[in-house]
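So the chains spell out like this:
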Amino acid sequence: MIQAAHVGVGISGEEGLQASRSADYAIAQFRFLKRLLLVHGRLSYRRIARVISYCFYKNILLQYTQFWFVFLNGWSGQSLYERWTLSVYNVFFTFFAVLLYGIMDKDIEDASIMKYPQLYRMSASGYLFNGKVIWTWILNAVFQSVVCFGAGILTYGEGVLYSFGHTDGVFSMGTQIYFCCILIVNMKLGLECRNWTWVFKLGFWGSIGLWLLWLAVFPSWGLIVFFDMGNDYIFVPYYMTQSASFWLITPVVVVVCLYRDFAFKYINRQYFPKAYHIVQELETLQPDTNNDVPLRVRGKGLLNDLSFDLRAAAAKPVP
């Protein structure tokens, strides 16, 4: 039975250790099963579901900008990005923050989850990981790739003339788009993260900082150590950052790409709250989760007089 289940839980008791040795998880007493499912099971499901969706999202966003570029390069296989810079996208610039998110993020405190076990129903119903959720992330990534690539074409399509008389090249446009992609995917993860610990902040800002350090160091790497690395990228970031177009278009692209996500989260939380939204607000308004108090639901930006029974709301089936 344990081997046939999706996740086997064995209890090591007087009957021996055979069941626990064959199980994925072993507990000493049956009463520990409640915390294993409600707290660890729910948090693990939420983290894994978001990490999988996010990993698809961040790679689709970057690679679809390459896909749009093939319509302009005559299907020649010319890359929009410098080869080494493209290779370290998932190694340096979008790795640490999502790793820390998958390990440490916690949307609701353990005491609240134990107090309202109805919250586990969302996990059992597959609310955070299903076909609709995956396609939402994919379509969002495609939309943002269109915005990033379109902004790059509008800015650099006719060439940008620098003060010393030279014009930019394909890697200037690629670096601009690449910069936007890194900011967007990291800020998107920041919107998804509920628990901004100092460790997550370090991974979040460190990922963006590594990209800025890469821009400063890598273009001159080939000149310093005489390797065939970055030779076709020499001085590109230096000249690109002297252009006003770079500093004007980057924040605009980031805002256009993320305003939909922010607006959706705001509307969903304010006017169509789920059970976990209500518990999060309860934790904010009433830090002592041991008190049974009616929760006031936010409406139209202010706390109205509508009293909300949390247990009744959480008991409703998830659509």
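Each chain has its residues counted from 1, running along the sequence as written. In keeping with the predicted nature of the model, local features appear solely for residues at pLDDT of at least 70, side-chain atom pairs appear and are counted solely at 80 or more, and the whole-chain, interface and lining totals rest on all residues. Processing note: side-chain calculations cover all non-hydrogen atoms of the structure and skip hydrogens and water entirely.

(A) Local environment of the overall build of the protein chain. Each helix corresponds to a stretch of at least 4 residues labelled H or I by DSSP, and each strand to a stretch of at least 2 residues labelled E; elements are numbered beginning at the N terminus. On a plain count of helices and strands, the protein chain comes out with 15 helices and 4 strands. The proportion of buried residues among the 319 residues of the protein chain is 43%. For the protein chain, the proportion of contacts with a sequence separation of at least 24, taken over those separated by at least 6, is 71%. All accessible-area figures derive from a Shrake-Rupley calculation using a 1.4 Å probe, and residue coverage is judged against the displayed protein chains alone. Roughly 17,700 Å² of accessible area belongs to the protein chain as shown, and the carbon and sulfur atoms make up 65% of that amount. Each residue gets one of three labels from its accessible area relative to the maximum for its type: buried under 20%, exposed over 50%, partly exposed in between, using a 1.4 Å probe on protein chains only. In this analysis, two residues are considered to be in contact whenever any of their non-hydrogen atoms come within 4.5 Å of each other.

(B) Region of the structure containing the pattern of salt bridges. Salt bridges are counted wherever a side-chain nitrogen of Lys or Arg sits within 4 Å of a carboxyl oxygen of Asp or Glu. With the rule as written, the count across this model stands at 9 salt bridges. The salt bridge partner of Arg46 is Asp105, with a shortest N-O separation of 2.5 Å. Taken together, the residues span a long stretch of sequence, with Arg46 in helix α2 (residues 32–69) and Asp105 in the loop between α5 (96–104) and α6 (110–115) at a distance of 59 residues. Its salt-bridge partner being Lys188, residue Asp261 comes within 2.6 Å of it at the nearest N-O pair. Here Asp261, found in helix α13 (residues 244–271), pairs with Lys188, found in helix α9 (residues 170–192); they are 73 residues apart in sequence, far enough to count as distant. Accessibility classification places Asp261 together with Lys188 in one group, the buried group. Within the structure, one salt-bridge network assembled from shared partners comprises Arg50, Lys188, Glu192, Asp261 and Lys265.

(C) Summary view of the nonpolar core. Definition of nonpolar core: a set of buried residues of the types Ala, Val, Leu, Ile, Met, Phe, Trp, Tyr and Cys, connected through side-chain atoms within 4.5 Å. Core analysis: the largest hydrophobic core is formed by 56 residues, its most contacted members being Ile184, Trp211 and Val253. Top contributing element to this core by residue count: α9, with 12 residues. In contact with Val253, other than residues within four places in its own chain, are Val147, Cys148, Ala151, Cys180 and Ile184. The next biggest cluster of nonpolar side chains, apart from the first, holds 12 residues, and it includes Leu38, Val39, Ile108 and Tyr276.

(D) Expanded view of the environment of His277. Position of His277 among the secondary structure elements: in helix α14 (residues 275–285). Residues His277 and Ile108 lie 169 residues apart in sequence; the distance between their C-alpha atoms is 9.3 Å. Residues contacting His277, with those up to four places away along its chain left out, are Asn268, Arg269 and Phe272. A distance of 3.3 Å separates the side chain of His277 from the side chain of Tyr276, its partner in a polar contact. Two N or O atoms count as a polar contact when they lie within 3.5 Å, although within protein this holds only if one can serve as hydrogen donor and the other as acceptor, and sequence-adjacent residues are included solely when both atoms are side-chain atoms.

(E) Quick look at helix α8 (residues 131–156). Helices are assigned an expected span. That span is 1.5 Å times one less than the residue count. For α8, built from 26 residues, the straight-helix expectation of 38 Å at 1.5 Å per residue is met to within 8% by its first-to-last C-alpha distance of 37 Å. You can read the cap of α8 off the contacts: a side-chain oxygen lies 3.1 Å from the backbone nitrogen of Lys132, and it is on Asn130.

(F) Structural view of the packing of aromatic side chains. Planes of paired rings set the category: under 30 degrees apart is stacked, over 60 is edge-to-face and the rest tilted, where pairs are Phe, Tyr or Trp rings (Trp by its six-membered ring) whose centres lie within 6.5 Å. Scanning the entire structure with this criterion turns up 24 aromatic pairs. On the basis of an interplanar angle of 85 degrees and a centroid distance of 6.2 Å, the ring pair of Phe93 and Tyr178 is categorised as edge-to-face. In this pair, Phe93 sits in helix α4 (residues 89–93) while Tyr178 sits in helix α9, placing the two residues 85 residues apart along the sequence. A single burial state applies to Phe93 and to Tyr178, both of which are buried.

(G) Seen up close, a nonpolar patch on the surface. A cluster of nonpolar side chains, contributed by Val91, Phe92, Phe95, Phe96, Leu99, Ile103, Met104, Leu210, Leu213 and Val217, occupies part of the molecular surface with about 790 Å² of accessible area. Elements with a contribution of two residues or more to the nonpolar patch: α4, α5 and α10 (198–217). On the secondary structure map, Leu210 appears in helix α10. Given a relative accessible area of 30%, Leu210 falls into the partly exposed group. Patch criteria: residues need more than 30% relative accessible area and no salt bridge. Like-charged residues are merged within 9 Å; nonpolar side chains of Val, Leu, Ile, Met, Phe, Trp and Tyr are merged within 5 Å.

(H) Examining unusual backbone geometry more closely. You will see that Trp75, though not glycine, has its phi angle at about 55 degrees, which is positive. Residue position: Trp75 is located in the loop between α2 and α3 (83–87).

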